[in-house]
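# Observations on the model geometry
Okay, here's what each chain looks like letter by letter:
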Protein chains: 2
Amino acid sequence: MVYLDNSASTYYKPLSVKWAVIKSLFTLTANPGRSGHKASLRCGEAVFDVRQTLASTFNTSADRVVFTSGCTEALNLALRGSAKKKGHIITTCFEHNSVLRTLEYMRAREDIDYTVVTPCSENGIITTAELDKAKKSNTYMLVINHISNVIGVKQNIFALGKWAKENGILFVVDGAQSAGHESIDMKANNINMLALAGHKGLYGLQGVGALLIDDTTALKAIKFGGTGTYSESLIQPKDIPEGLESGTLPTPAIISLGAGCKYAYKNIDKHSFREQILTKFLLDELNKRDKIIVYTPDNTYSGVVAFNIKDKTASEVADELNEKGFAVRSGLQCAPLVHKYLGTLDTGGVVRASLGRKNTKTQIIKFLNAIDEIISNV
Amino acid sequence: MVYLDNSASTYYKPLSVKWAVIKSLFTLTANPGRSGHKASLRCGEAVFDVRQTLASTFNTSADRVVFTSGCTEALNLALRGSAKKKGHIITTCFEHNSVLRTLEYMRAREDIDYTVVTPCSENGIITTAELDKAKKSNTYMLVINHISNVIGVKQNIFALGKWAKENGILFVVDGAQSAGHESIDMKANNINMLALAGHKGLYGLQGVGALLIDDTTALKAIKFGGTGTYSESLIQPKDIPEGLESGTLPTPAIISLGAGCKYAYKNIDKHSFREQILTKFLLDELNKRDKIIVYTPDNTYSGVVAFNIKDKTASEVADELNEKGFAVRSGLQCAPLVHKYLGTLDTGGVVRASLGRKNTKTQIIKFLNAIDEIISNV
């Protein structure tokens, strides 16, 4: 199988991740942060090591790393847990349903409204001028998808973060598709909250994510329970990260995330460059074919390529590719408003090929040959 | 190390669980329920197998098994996601903070009130007469801890379920400490929702749990995001289980839970009997020692034993035991109202020894010898 669905989950986990998980099955099965015995303390220390790894990788403090069950819970926490939760939020058409459905829920039940910004230009880049137009007097948060999981458009988080800071607005970044693919510096980009998925570009197991918070942003819990702190109190503790991490932490998955993050960020610039080259090759080749509609804009080399074959639905193409041994994802990729923007919402979405560290040029050539076969049979 | 903290997390995972996880690192790393390719479908099938395992073990339907990040999230979902969410809830002093803190949050912000029932008798058993007293005209839910994680008291879920059904009240059971230790039949006990922890008596990894629902109970999501269904809609889908399982499922942990559940329930009656015998031995021996205060009631043999040594705090005893190579948990065990009931809330809680499948009589004898050494030095 040639696996090109790395935006859903990276399939080939590095040896260091596998080995870390296997070790954890024998040594890290106690409950971190609960009991005082050696087995529990060892778990707590191992979990803390991963906090430090994430904190140093993305430039925040270790005690501002909140582990979650995934990026979805991290985004729910950022949006619904924000202490400022009242007023207007700006977001974009590139958001995943983990943001959009959460905002829609908040708008229906809470004192929240939101505006979806759709970029004017074809390159998909949101400009600060567009944000200026969307801004209201009570706007308190900007939440953006750093790299689109559908078409790979990368937003300029430096410019958007600067704008947010100048306007006194919280800046929340969904890093599900960018973390592990390129360096993200929370402080340099004025990011208040960065949501991460463990099992995509960070090469951990499914079942873990994190919300990284800067030193000033206040958050309230959205899940209530035992925290190992202030156990006598029936009121959820306010301490961070414990108060936001009710219940037993997913230790083996956290360990995998730590190992995966180290793997992803070792020589990140080199790997990121290689991914860009490979994406450019795929994109250029697809663009050469008349029967293919490419949705990923020119010069967008983030490892995510969206396309359709004329006179075929995306799911037909994905099924045929699957039969030929290629794993891609068709449909809406849980991000409906991108498809409204592309005009593919009511036509079955797009075929998405998403690259990972293990993909090679030879695989891409084979993939293009398979595409050509499908085209020739239309 | 003699590990006696199995109520926090079982430490020695069976070979079948370890092996299932190791295999999953190589074959089940795609995203279940999202894409249509073989790798994703294989994950989806493996996850569905675990739904079936849990459903048949606890007697409900496979499509009423909702996977969560743990028992905490399962209880949050049962309480906050209940479609009936308005009125009065009855609970007990034995509840974990995952219930109590959630109820307290709901009381502060929603149209909810709750009553905590404390048993009159010394055996800790809640009677239906006590529930009758607590019941109000708008009581819509009874939530109880099946086996106390502090003193091991086991509630009579058959009698309580019958009472709840007769009174038209939803019956929610926190099975964190009972699942894997004994058979639980949802239908026979009229349980509407059963919350499970994956990493305790069910011998899975940390980072997974489940809420099992009967065929009639309606639930709404408490976490919003991608579900792989109705992706075009910004409104969270209402389908169960998908609509309640936003985000990528923790596949390896789910696989571990499936293997662990099979392990736990193979010859469950034999193992349950063995655990009772071992608990009885430990309890009887502790009761013989004048310097020990035992909090677990007589004839309570659920694998959980709470005690203190006179003139020593629980944490001192736990620390000394740790030094001698025994892992126990001291303090409040995230269940403050049990300690109010026991009179140990302001005195540092209790020492809890909790047994698992791997504990032996020899270990318990060694443990008692260590206790005697500590007593002799008081």
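### What about the nonpolar core?
- Within the largest apolar cluster, 202 residues are counted, with the highest numbers of intra-cluster contacts made by A:Leu54, A:Phe58, A:Phe67, B:Leu54, B:Phe58 and B:Phe67.
- Those residues within four positions of B:Leu54 in sequence are excluded, and the remaining contacts are B:Asn59, B:Val65, B:Phe67, B:Leu196, B:Ala210, B:Leu212, B:Leu257 and B:Cys261.

### Looking at the relation of the copies chain A and chain B
- Taken as rigid bodies, chain A and chain B are interconverted by a rotation of 180 degrees and an axial shift of 0.0 Å, the fit giving an RMSD of 0.0 Å. What we have between these two chains is a two-fold relation. Among all residues of chain A, the minimum C-alpha distance to the rotation axis is found for A:Ser69, at 3.0 Å.
- When the interface residues of chain A are mapped onto chain B, 100% of them again fall at the interface, so both copies present the same face.

### Observations regarding the pairing of strand 3 (residues 87–92) of chain A
All names here are of chain A.
- Taken across its six residues, strand 3 has six buried, putting it largely inside the fold.
- Sheet topology note: the strand 3/strand 4 (residues 112–117) ladder contains six bridges and is parallel. The partner of Ile89 across the bridge, within strand 4, is Tyr114.
- With three bridges connecting them, strand 3 and strand 5 (residues 139–145) associate as parallel partners.

### Some points on helix 2 (residues 38–58) of chain A
- With 21 residues, helix 2 of chain A should cover 30 Å at 1.5 Å per step; its first-to-last C-alpha distance of 30 Å lies within 8% of that length.
- All of the buried residues in helix 2 of chain A are A:Ala39, A:Ser40, A:Cys43, A:Ala46, A:Val47, A:Val50, A:Arg51, A:Thr53, A:Leu54, A:Ala55 and A:Phe58.
- Looking at the packing, one finds that the buried side of helix 2 of chain A touches strand 2 (65–68), strand 7 (193–197), strand 8 (209–213) and helix 7 (251–265) of chain A together with strand 1 (2–3) of chain B.

### Let's talk about the environment of B:Ala210
All names here are of chain B.
- Structurally, Ala210 can be placed in strand 8 (residues 209–213).
- Taking C-alpha positions, Ala210 is 6.6 Å from Val65, a pair spaced 145 residues apart along the chain.
- Those residues within four positions of Ala210 in sequence are excluded, and the remaining contacts are Leu54, Val65, Val66, Phe67, Thr68, Ala74, Leu194, Ala195 and Leu196.

### Things to note about helix 6 (residues 157–166) of chain A
Residues and elements named next belong to chain A.
- All buried positions along helix 6 are accounted for by Ile157, Leu160, Gly161, Trp163 and Ala164. Buried residues of helix 6 fall within an arc of 160 degrees about the axis and therefore sit on the same side. Facing away from the buried surface of helix 6 by more than 90 degrees, the exposed residues are Lys165 and Glu166.
- Tucked inside the fold, the buried residues of helix 6 contact strand 3, helix 5 (128–134), strand 5 and strand 6 (170–174).

### Focus: the sheet that holds strand 2 (residues 65–68) of chain B
Residue and element names in this part refer to chain B.
- Spatially, 2-8-7-6-5-3-4 is the arrangement adopted by the seven strands of the open sheet, whose pairing is mixed. Here the strands that pair on one side only, and so sit at the sheet edges, are strand 2 and strand 4 (112–117). Averaged over neighbouring strand pairs, the angle between their axes works out to 20 degrees when direction is ignored.
- Here strand 6 (residues 170–174) pairs with strand 7 (residues 193–197) via three bridges, running parallel. Directly across from Val172, in strand 7, lies its bridge partner Met193.
- Contacts between helix 3 (residues 71–80) and the sheet are confined to strand 2, strand 5 (139–145), strand 6, strand 7 and strand 8, with strand 7 contributing the most and set at about 160 degrees to the helix.

### Details of the packing of aromatic side chains
- Applying the stated criterion across every chain yields a total of 16 aromatic pairs over all chains.
- Ring geometry for A:Tyr105 and B:Phe224: centres 4.1 Å apart, planes at 25 degrees, overall stacked. Pair noted here: A:Tyr105 is in helix 4 (residues 97–109) and B:Phe224 is in the loop between strand 8 and helix 7 (251–265), and the two residues belong to different chains.
- Taken together, a centroid distance of 5.5 Å and an interplanar angle of 85 degrees make the contact between B:Phe58 and B:Tyr265 edge-to-face. Residue B:Phe58 is found in helix 2 (residues 38–58), and its partner B:Tyr265 is found in helix 7; the two are separated by 207 residues along the sequence. Comparing B:Phe58 with B:Tyr265, the two get one shared label, buried.
- Aromatic ring contacts, followed pair by pair, group A:Tyr3, A:Tyr11 and A:Tyr12 into a single cluster.
- Note that A:Lys361 overlies the ring of A:Phe281, its terminal NZ or CZ placed 4.6 Å from the centroid.

### Notes on the pattern of salt bridges
- Considering all chains together, one arrives at 34 salt bridges over all chains under this definition.
- A salt bridge links A:Glu110 to A:Lys85; the shortest N-O distance between them is 3.3 Å. Of this pair, A:Glu110 sits in the loop between helix 4 and strand 4 while A:Lys85 sits in the loop between helix 3 (71–80) and strand 3, and the two are 25 residues apart along the sequence.
- One salt-bridge network, in which partners are shared between bridges, spans A:Glu73, A:Lys223, B:Glu73 and B:Lys223.

### Focus on the domain arrangement of chain A
All names here are of chain A.
- Here chain A is described as being made up of domain 1 (2–9 + 267–376) and domain 2 (15–265).
- The C-alpha centroid of domain 2 is placed 27 Å from the C-alpha centroid of domain 1.
- Counting residues at the interface gives 32 residues for domain 1 and 33 residues for domain 2.
- Both sides of the domain 1 and domain 2 interface together cover about 2,400 Å² of buried area, and 54% of this is carbon and sulfur.
- Looking only at domain 1, the three residues that lose the most surface to domain 2 are Ile268, Tyr341 and Arg357, adding up to 26% of its buried area.
- Linking domain 1 with domain 2 are 18 residue pairs in polar contact (both at pLDDT 80 or more).
- Contributing elements (two or more residues each) for the side of domain 1 that touches domain 2: helix 8 (268–288), strand 10 (304–309), helix 10 (336–342) and strand 13 (350–354).

### Let's talk about the interface of chain A and chain B
- Across the contact, 76 residues belong to chain A and 76 residues belong to chain B.
- Each partner contributes to the roughly 6,000 Å² buried at the junction of chain A and chain B, and carbon and sulfur atoms together form 59% of this total.
- Its largest share of buried area at the contact with chain B, chain A owes to A:Arg101, A:Phe224 and A:Leu234, together 15% of the area lost on that side.
- For the interface between chain A and chain B, the tally reads two salt bridges.

### Details of the state of the cysteines
Residue and element names in this part refer to chain B.
- For the structure on display, the rule yields zero disulfides over all chains.
- In this structure Cys71 is a free cysteine whose sulfur lies 12 Å from that of Cys334, the closest cysteine sulfur available.
- With no disulfide partner, Cys120 has as its closest neighbouring cysteine sulfur the one in Cys93, 10 Å distant.

### So, the environment of B:Lys310
Residue and element names in this part refer to chain B.
- Within the secondary structure layout, Lys310 lies in the loop between strand 10 (304–309) and helix 9 (314–323).
- Look at Lys310 and you get partly exposed, because its relative accessible area is 38%.
- Along the chain, Lys310 and Gly36 lie 274 residues apart, while their C-alpha atoms are 63 Å from each other.
- There is a polar contact of 2.9 Å between the side chain of Lys310 and the backbone oxygen of Asp290.

### Topic: the sheet that holds strand 6 of chain A
Residue and element names in this part refer to chain A.
- Spatially, seven strands are ordered 2-8-7-6-5-3-4 in an open sheet, and the strand pairing comes out mixed. The outermost strands of the open sheet, each flanked by one partner alone, are strand 2 and strand 4. For this sheet, the mean angle separating the axes of adjacent strands, direction not counted, is 20 degrees.
- One ladder, built from five bridges, connects strand 7 with strand 8; its direction is antiparallel. Across the sheet, residue Ala197 finds its bridge partner in strand 8, namely Gly209.
- On the sheet, helix 4 packs against strand 3, strand 4 and strand 5 and is oriented at approximately 145 degrees with respect to strand 4.

Thresholds applied
- Residues numbered from 1 in each chain as written.
- Chains lettered and ligands numbered in written order.
- Predicted model: local features only at pLDDT ≥ 70, side-chain atom pairs only at ≥ 80, totals over all residues.
- Heavy atoms only, no water.
- Core = buried A, V, L, I, M, F, W, Y, C linked by side-chain atoms within 4.5 Å.
- Buried < 20%, exposed > 50% of the residue type's maximum accessible area, 1.4 Å probe, protein only.
- Contact = heavy atoms within 4.5 Å.
- Least-squares fit on C-alpha atoms with pLDDT ≥ 70 in both.
- Helix = DSSP H or I, 4+ residues; strand = E, 2+ residues; numbered from the N terminus.
- Pairing = 2+ DSSP bridges.
- Expected span 1.5 Å × (residues − 1).
- Arc of directions from axis to C-beta.
- Axes fitted to C-alpha atoms, helices over the stretch in contact; angles between N-to-C directions.
- Phe/Tyr/Trp six-rings, centres within 6.5 Å; stacked < 30°, edge-to-face > 60°.
- Lys NZ or Arg CZ within 6 Å of the ring centre and 35° of its normal.
- Salt bridge = Lys/Arg side-chain N within 4 Å of Asp/Glu carboxyl O.
- Domains from an automatic or database assignment.
- Buried area = accessible area lost by both parts, 1.4 Å probe.
- Polar contact = N/O pair within 3.5 Å; in protein donor to acceptor, adjacent residues only side chain to side chain.
- Disulfide = S-S within 2.5 Å.

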